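# Structure assessment
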Amino acid sequence: MKAAKVVFVLGGPGSGKGTQCALIVEHFGFTHLSAGDLLRAEIKSGSQNGAMIQSMIKEGKIVPSEVTVKLLQKAMLSSDNDKFLIDGFPRNEENRSAFELITGIRPEFILFFECSEKEMEKRVLGRNEGRIDDNIETIKKRFKVFIDSGLPVLKHYDSLGKLRKINGDRMKEEVFESVRPLFTAFAKKD
Ligand SMILES: Nc1ncnc2c1ncn2[C@@H]1O[C@H](COP(=O)(O)OP(=O)(O)O)[C@@H](O)[C@H]1O
Ligand SMILES: Nc1ccn([C@@H]2O[C@H](COP(=O)(O)OP(=O)(O)O)[C@@H](O)[C@H]2O)c(=O)n1
């Protein structure tokens with residue numbers, strides 16, 4: 001698994017991570033792994049961690065890294081692909097160090113969508129996916145967690161020269177035109 005190429009995709013709730021990942025998958029043949037989607041699937045599967053995960057998500061808190069890294073690792077191992085977009089991860093320093101320790105993988109780079117809180121709030125409230133955390137009370141908590149726990153992760157990768165910031169406040173097609181050049185090195189599909 002050490003040969004796998006990984007790009008972490010970060011940004012606040014509603015910054016457009018999932019939307020841009022779908023476009024990258026379509027154009028560059030990556031496999032999209034959303035940490036949030038894997039955690040939500042784990043709740044639905046009736047896992048013994050389900051109740052804990054559900055209450056963390058409802059409160060906008062970060063699920064213990066061991067749980068999330070195991071889910072990501074399992075998904076990577078069961079894929080034929082060797083190029084992964086890991087979306088919504090790492091959310092804090094614990095996520096980051098646990099992933100590096102357990103998988104031995106270092107990301108190629110970090111795609112980070114910068115977006116105003118006003119725009120993110122509007123998008124999340126309009127998302128209509130029936131998520132238990134897409135309500136104004138939990139959104140405020142998620143914004144705070146993003147700043148308090150997420151910024152140290154971004155600083156870390158910035159210091160390694162791996163942070164690629166994209167203005168996510170624009171129309172999705174315009175955002176993708178800024179994303180595209182970062183992936184041309186991966187253009188050849190295997
Ligand atoms: N650039 C954009 N402009 C307007 N709406 C967007 C844009 N990107 C995504 N959206 C919409 O905003 C909502 C949140 O986007 P999503 O990709 O799910 O964000 P995230 O994965 O970062 O939480 C979705 O309903 C999506 O269709
Ligand atoms: N690495 C992660 C990713 C998500 N999560 C949880 O899942 C929730 C939703 O994350 P998400 O990435 O699906 O959605 P957004 O908050 O980006 O819109 C987070 O608020 C956390 O409670 C986590 O605990 N650890």
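Remember, predicted model here, so these are calculated numbers, not experimental data.

It is worth spelling out the overall build of the protein at this point. Counting secondary structure elements, the protein contains 8 helices and 5 strands. Traced from its N-terminal end to its C-terminal end, the protein shows the element sequence β-α-β-α-α-α-β-α-β-α-α-β-α. The C-alpha radius of gyration of the protein comes to 16 Å, within 12% of the 16 Å expected for a compact globule of 190 residues. With respect to the principal axes defined by its C-alpha atoms, the protein has extents near 40 × 35 × 30 Å.

Within helix H2 (residues 35-44), burial applies to Ala35, Leu39 and Glu42. Buried residues of H2, seen end-on, are gathered within an arc of 55° and therefore sit on one face of the element. Lining the buried residues of H2 we find strand S2 (31-34), helix H3 (50-59), helix H4 (65-77) and strand S3 (83-87). Immediately beyond the C-terminal end of H2, within one or two residues, lies Gly46, with a positive phi of roughly 80°.

Moving on, we get to the site of ligand 1. Taken together, Gly12, Gly14, Ser15, Gly16, Lys17, Gly18, Thr19, Arg123, Arg127, Arg170, Met171 and Lys172 make up all the residues around ligand 1. A distance of 2.9 Å separates an oxygen atom of ligand 1 from a polar atom in the backbone of Gly18. A distance of 3.2 Å separates a nitrogen atom of ligand 1 from a polar backbone atom of Lys172. If you map ligand 1 onto the pockets, it falls in the largest pocket. By residue number, the principal contributor to the shell around ligand 1 is helix H1 (residues 17-28), which donates 3 residues. Taken together, the residues of the shell around ligand 1 break down into 1 nonpolar, 6 polar and 5 charged.

A few words now on the UniProt feature "binding site: ATP" (unreviewed entry) in the protein. Using the residue numbers shown here, the UniProt feature "binding site: ATP" (unreviewed entry) corresponds to Gly14, Ser15, Gly16, Lys17, Gly18, Thr19, Arg127 and Arg170. Annotated residues from the preceding list that form part of the lining of the largest cavity: these are Lys17. One can find Gly16 in the loop between strand S1 (5-11) and H1. Following the sequence through the fold, Arg170 ends up in the loop between strand S5 (163-167) and helix H8 (172-179). With a relative accessible area of 26%, Arg170 lands in the partly exposed category.

Of all the positions in H8, only Val175, Phe176 and Val179 are classed as buried. The arc enclosing the buried residues of H8, seen along the axis, measures out at 100°, which places them on a common side. Contacts from the buried residues of H8 go to H1, strand S4 (109-114) and S5.

This part takes up the site of ligand 2. As a matter of local geometry, ligand 2 sits amid 20 residues, with Lys17, Arg40, Lys61, Val63 and Arg142 nearest to it. A distance of 2.7 Å separates an oxygen atom of ligand 2 from a polar atom in the backbone of Val63. Tallied by class, the residues present in the shell around ligand 2 amount to 8 nonpolar, 4 polar and 8 charged.

For the rest of this paragraph, the subject is the sheet that holds S1. The 5 strands are arranged S2-S3-S1-S4-S5 in an open sheet whose pairing can be described as parallel. Looking at strand neighbours, the two that pair on one side only are S2 and S5, the edges of this open sheet. When strand polarity is set aside, the average angle formed by the axes of neighbouring strands in this sheet is 25°. The strands that H1 touches are S1, S2, S3 and S4; relative to S3, the one it contacts most, it runs at about 170°.

The rules behind each value
- Residues numbered from 1 in each chain as written.
- Chains lettered and ligands numbered in written order.
- Predicted model: local features only at pLDDT ≥ 70, side-chain atom pairs only at ≥ 80, totals over all residues.
- Heavy atoms only, no water.
- Helix = DSSP H or I, 4+ residues; strand = E, 2+ residues; numbered from the N terminus.
- Rg over C-alpha atoms; globule rule 2.2 N^0.38 Å.
- Buried < 20%, exposed > 50% of the residue type's maximum accessible area, 1.4 Å probe, protein only.
- Arc of directions from axis to C-beta.
- Contact = heavy atoms within 4.5 Å.
- Near = heavy atom within 4 Å.
- Polar contact = N/O pair within 3.5 Å; in protein donor to acceptor, adjacent residues only side chain to side chain.
- 1 Å grid on protein atoms, 1.4 Å probe; cavity = no way out; pocket = protein on both sides within 12 Å on 5 of 7 lines; lining within 4 Å.
- Sits in = over half its atoms within 2 Å of the grid points.
- Nonpolar A, V, L, I, M, F, W, Y, C, P; charged D, E, K, R; others polar.
- UniProt positions renumbered as here; feature names shortened; annotations may be inferred.
- Pairing = 2+ DSSP bridges.
- Axes fitted to C-alpha atoms, helices over the stretch in contact; angles between N-to-C directions.

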